[in-house]
Amino acid sequence: MDTDRERLRSSVMPVGPDQSDAEARRLRVVDYIVAHLARRGIHHVFGVDGANIEDLYDAAHADPQLTAIVAKHEFSAAAMADAYSRTGPSVGVVAATSGGGALNTVPGLGESLASRVPVLALIGQAPAADDGQGPFQDTSGANGTLDATALFAAVSVSCRRITTPDDIVTALPAALEAATRLRGPAVLLLPKDIQQARIDAPAEEHDPASRPHPVDLCAVIELLRGIDGPVIIVAGDQVARDDARVELAELQAALNADIVTEPDAKDTATTALGVAGVMGHPSVSAALADSAACLLIGSRLPLMARRGLDATLAGTPIASLGAAPPYLPATHVHTDDLKTALPQLAAALTGRPRPPRTATELQTPHHRGPGVRYRDAMSALDAALPPGTDIAVDAGNIGAAAIHWLPARPDGRFLVALGMGGMGYSFGAGIGMACARRRRTVVIAGDGSFYMHGMEIHTAIEHRLPVTFILFDNQAHAMCVTREQMFYGGQYSFNRFGPSRLGAGLAAMFPTLPATDVTDVGELGAAVTAALLTDGPSVIAVQCSADEIPPFTAFLAANPKDNP
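Residues numbered from 1 in each chain as written. Predicted model: local features only at pLDDT ≥ 70, side-chain atom pairs only at ≥ 80, totals over all residues. Heavy atoms only, no water.

Peer 1: Can you help me understand the overall build of the chain in this one?
Peer 2: From N to C terminus, the chain includes 26 helices and 21 strands. Computed over C-alpha atoms, the radius of gyration of the chain comes to 25 Å, within 12% of the 24 Å expected from 2.2 N^0.38 for 564 residues, which places it in the range of a compact globule. In terms of its C-alpha atoms, the chain occupies a principal-axis envelope of roughly 80 × 60 × 45 Å. Sequence-distant contacts in the chain: of pairs separated by 6 or more residues, those separated by 24 or more amount to 76%. (Helix = DSSP H or I, 4+ residues; strand = E, 2+ residues; numbered from the N terminus. Rg over C-alpha atoms; globule rule 2.2 N^0.38 Å. Contact = heavy atoms within 4.5 Å.)

Peer 1: Teacher, can you tell me more about the packing of helix α13 (residues 245–255) against helix α17 (residues 338–348) here?
Peer 2: Working note: a packed helix pair is described by the angle between its axes plus the distance between those axes. Direction vectors running N to C along α13 and α17 enclose 15 degrees, while the axes themselves pass 9 Å from each other. On the basis of their axis angle, the class for α13 and α17 is roughly parallel. Both α13 and α17 take part in a crossing whose hand is left-handed. Along its contact with α13, which presents Glu247, Leu248, Glu250, Leu251 and Ala254, the element α17 presents Lys339, Leu342, Pro343, Leu345 and Ala346. In terms of residue class, the contact of α13 with α17 is built from 7 nonpolar, no polar and 3 charged. (Axes fitted to C-alpha atoms, helices over the stretch in contact; angles between N-to-C directions. Parallel < 35°, antiparallel > 145°, perpendicular 65-115°, else oblique. Left-handed = near helix turned anticlockwise from the far one by under 90°. Nonpolar A, V, L, I, M, F, W, Y, C, P; charged D, E, K, R; others polar.)

Peer 1: I'm lost on the UniProt feature "transmembrane region" (unreviewed entry) in the chain in this one. Help?
Peer 2: Within the UniProt annotation, "transmembrane region" (unreviewed entry) is assigned to residues 414–436. Helix makes up 52% of residues 414–436 and strand 13%. Its end C-alpha atoms lie 14 Å apart. (UniProt positions renumbered as here; feature names shortened; annotations may be inferred.)

Peer 1: Explain helix α14 (residues 282–289) here, please?
Peer 2: An α-helical turn contains 3.6 residues, so any two residues separated by three or four positions project in the same direction. Listed in full, the buried residues belonging to α14 are Ser283, Val284, Ala287 and Leu288. Down the axis of α14, the smallest arc covering the buried residues is 135 degrees, so these residues share one side. (Buried < 20%, exposed > 50% of the residue type's maximum accessible area, 1.4 Å probe, protein only. Arc of directions from axis to C-beta.)

Peer 1: Even after reading the chapter, I still don't get the UniProt feature "domain: Thiamine pyrophosphate enzyme central" (unreviewed entry) in the chain, so can you show me in this structure?
Peer 2: UniProt records the feature "domain: Thiamine pyrophosphate enzyme central" (unreviewed entry) at residues 220–304, using the numbering of this structure. Annotated as residues 220–304, this span is 36% helix and 16% strand, and its ends, taken at the C-alpha atoms, are 25 Å apart.

Peer 1: Explain helix α25 (residues 521–532) to me, please; I cannot follow it from the model alone.
Peer 2: End to end, α25 covers 17 Å across 12 residues, agreeing with the expected 16 Å (1.5 Å per residue, within 8%). Within the span of α25, buried status applies to Leu524, Ala527, Val528, Ala531 and Leu532. Projection of α25 onto a plane perpendicular to its axis shows the buried side chains occupying an angular sector of 120 degrees, all on one side. Every exposed residue of α25 that faces more than 90 degrees away from the buried side is listed here: Gly522 and Ala526. Those residues of α25 hidden inside the fold are in contact with α18 (374–384), β17 (441–446), β18 (467–473), β19 (515–518) and β20 (538–543). Where α25 begins, one side-chain oxygen reaches toward the backbone nitrogen of Gly522, 2.7 Å away; that side chain belongs to Asp520. (Expected span 1.5 Å × (residues − 1). Polar contact = N/O pair within 3.5 Å; in protein donor to acceptor, adjacent residues only side chain to side chain.)

Peer 1: What is the right way to look at the pattern of salt bridges in this model?
Peer 2: Pairing between side chains of opposite charge can happen when their charged atoms approach one another. Considering all chains together, one arrives at 26 salt bridges under this definition. Residue Asp258 is joined to Arg357 by a salt bridge in which the shortest nitrogen-to-oxygen separation is 2.4 Å. Of the two residues, Asp258 is situated in strand β10 (residues 258–261) and Arg357 in the loop between α17 and β14 (366–367); the sequence distance between them amounts to 99 residues. In this structure Asp258 comes out as buried when scored by relative accessible area, which is 6%. Its relative accessible area of 22% is what places Arg357 among the partly exposed residues. Of the charged contacts, one joins Arg439 and Asp411 as a salt bridge, the two residues approaching to 3.6 Å between their closest N and O atoms. Of this pair, Arg439 sits in the loop between α20 (425–437) and β17 while Asp411 sits in the loop between α19 (397–405) and β16 (414–416), and the two are 28 residues apart along the sequence. Overall, the relative accessible area of 60% leaves Asp411 in the exposed class. (Salt bridge = Lys/Arg side-chain N within 4 Å of Asp/Glu carboxyl O.)

Peer 1: Before we go on, may I ask you to explain the packing of aromatic side chains in this structure?
Peer 2: One pair of aromatic rings is described through two measures. These are the centre distance and the angle between the planes. Applying the stated criterion to the full structure yields 8 aromatic pairs. Between Phe427 and Phe469 the ring centres are 5.9 Å apart and the planes differ by 15 degrees, which places this aromatic pair in the stacked class. Of this pair, Phe427 sits in helix α20 while Phe469 is found in strand β18, placing the two residues 42 residues apart along the sequence. Here the two residues Phe427 and Phe469 agree in accessibility, since each one is buried. Considering the side-chain rings of Phe552 and Phe555, the 5.1 Å spacing of their centres and the 40 degrees angle between planes classify their relative orientation as tilted. Among the aromatic residues, ring-to-ring pairing joins Phe427, Phe450, Tyr451, Phe469 and Phe497 into one connected group. Cation over ring: Lys266 sits above Phe414, and NZ or CZ is 5.1 Å from the ring centre. (Phe/Tyr/Trp six-rings, centres within 6.5 Å; stacked < 30°, edge-to-face > 60°. Lys NZ or Arg CZ within 6 Å of the ring centre and 35° of its normal.)

Peer 1: Mind showing me how you'd approach the domain arrangement of the chain here?
Peer 2: One frequently used descriptor of interface size is the decrease in accessible area upon assembly of the parts. Looking at the assigned domains, one finds that the chain contains domain 1 (24–200), domain 2 (217–348) and domain 3 (374–557). Each of domain 2 and domain 3 was reduced to a C-alpha centroid, and the two centroids are 29 Å apart. Tallying the contact residues gives 13 residues for domain 2 and 15 residues for domain 3. Here domain 2 meets domain 3 over a buried area of about 1,300 Å², counting both sides, of which 61% is carbon and sulfur. Of all residues in domain 2, Lys266, Asp267 and Met279 bury the most surface against domain 3, accounting for 47% of the area lost on that side. Looking at the side of domain 2 that touches domain 3 residue by residue, the class counts come to 6 nonpolar, 3 polar and 4 charged. (Domains from an automatic or database assignment. Buried area = accessible area lost by both parts, 1.4 Å probe.)

Peer 1: Whenever I open this one, the sheet that holds β10 confuses me. Can you help?
Peer 2: Each strand in a sheet pairs with another by means of backbone hydrogen bonds, the pair being arranged parallel or else antiparallel. Reading across from one edge, β10-β9-β11-β12-β13 is the order of the 5 strands in this open sheet, with parallel pairing throughout. Bordering the open sheet on either side are β10 and β13 (331–334), each of which pairs with just one other strand. Between one strand and the next, the sheet's axes are offset by a mean angle of 20 degrees, whatever the strand orientation. Lying over the sheet, helix α11 (residues 218–225) contacts β9 (231–235), β11 (293–297), β12 (318–322) and β13, oriented at roughly 150 degrees with respect to β12. (Pairing = 2+ DSSP bridges.)

Peer 1: What should I look at first to understand the state of the cysteines in this one?
Peer 2: This model, assessed by the stated rule, comprises 0 disulfides. Cysteine Cys544 is unpaired, with the sulfur of Cys480 as its nearest cysteine sulfur at 15 Å. (Disulfide = S-S within 2.5 Å.)

Right, dumping it as C-alpha cells:
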C-alpha cells in the first residue's frame, strides 16, 4: 500500500527545471479530459469550482474550444448540463468538487436518470494517496468514510472511480458511450492527484462509428393494420431528442391520426390536440375513447402523462416505438433513432377516417382575489413570444398553468423536468439551453423556485446570455398552499411568504440587469417585448395569487367552483 502511494505521488510531481523535456510534454489527466471533450463537440462544462476540481478548470481555461461556466450551486450546474444535453447535439457535462459540492449534484443527476438524459459528471475527490487517512472530504469508502462510488451508482447508469492515471484514456470514452447508449448520467470520480498526474499522449483516437441498427417494425405494423378505426398517437420527448418532429408529422398524416403529447413533449407536434395527463386537456380523454388503438412514439406514458386515462387505455390496443418500453403492456419495438424508424412506419401504413376534434381546456374555479390570473398571463405570453423562442418551465402552480395553456413556439423547445420535478430546475436549465441553442430562452418560474436557485440569474449576467426570467410571485409555495386548502381544510399555512418585489430587488442588486415588476396583465405584453430586445438577460416579476387554483386535475376534482 505504501509503495502504491509513493508511485502515485511520484507521477503527480510538478514539472520543474530538473525534469526532462519528454516529461514536460506528457499530458496531465485533466488536459486529456478537456481535449477529448472538445473533440467530441462538447463546448461547455458546467459546475462549481473548488480545490479538488480546480485542475480541470485550469485545463479548460487553456483550451479555446471549451467554455467553463461557474454556477452558483451544483444542482443548477447539473440542470444546465441536463438541459444542454436535452436541447443540443452534445452530451452535457457537470463538474463538481468533493464533499458538499459533490453531494449537491445528486438531485440534478437524479433528474437526468429518471428522464433518461445523457450527462457526464466529473466529480473531484480528495487525493487517492490519502484515502482512508482522514483527509478533508474523503469519500473513498476507505476506513469507514462515505463511499462516493456506491452513492453515485444509485443516480447513474455508469459510475467509476479512477485509480490510476492511464485509466482515463479508456474510462472517459467508455463513460460518454454509456451515457449516450443507456441514456442517463455517467459519473467519473477523479481524485485530485490523479487529475494532476501526467500520461503519455495517446495515439490519435477515432471514435467508433455509430452503426445503424435495423429496426423490425413488423409487430407494430401488424397490430395497426389489424385495427378497424382511428389511431391516436402519443408523442414523448424522445421525438425532440431524436430530431424527428418532421417525421412524426409525416406519420400522423399517413395514419390520419389525432396526436397528443406528454407534458414534457409539448414541442414535438405543432398540430397536437393537447397535452395528456394531470395538467392536460379533456379533449385527449375523449379522443382516446373514440380511438381503436393507441400508438406511443418515444413515450413511456408515465403516471403524470396518463392519469385519468387508465380505464380507457385498459381496453385499447397499445403499440409502442422508442428507446424504452412503456409502463403499460404494449407491443413495443425498440429504437434509438426515431428519425429513421418513423418514415419506415409511415410508408407501411395508410390513413383511416377519424372524427373532427377540437382541443378543450380544464375548467378552473373562478378566482376573485388580487393578482394577475394564470390564464390571462399565459395568453399574454402566447401573444408576445415569437417563433423560435425556447421555454423552460419550473415546477408548481405556474408550471401547471404553462403546460396547460402556453403553446410551444414553432421551431422552439419547451422544456419541463418531470423526472424528479425539482423546484428551481428551470434557472439552470435555461442557461444550459441558451448555451446549447444560442437563442433567446424564456424561463417561467414561481417565487418559491426563485428563492431556491434564482441566483443563477447572476450566472446569466456574467456570461451575457439571452435569457429572460419571468417570475410569477404569489408569495408562497403555491402548490403546497393549494394542497393545504384542498386536503387539510385550509385552517393554516406553512407555505406563505411575506410580500416582495422581485423585479425591483433584482434591479437594485444587479445594476446592469433590466428588471421590472408587473401588477396588471395589461402591462405584461409590453414588458415581455421590451425584455426580449435586451442584449443579455432580463427579468419580469408578475404579481399573482397563491389562492388561484391551477389547471391540475387532482385539485379540480376536490374544489368548489369559486375561490376567494
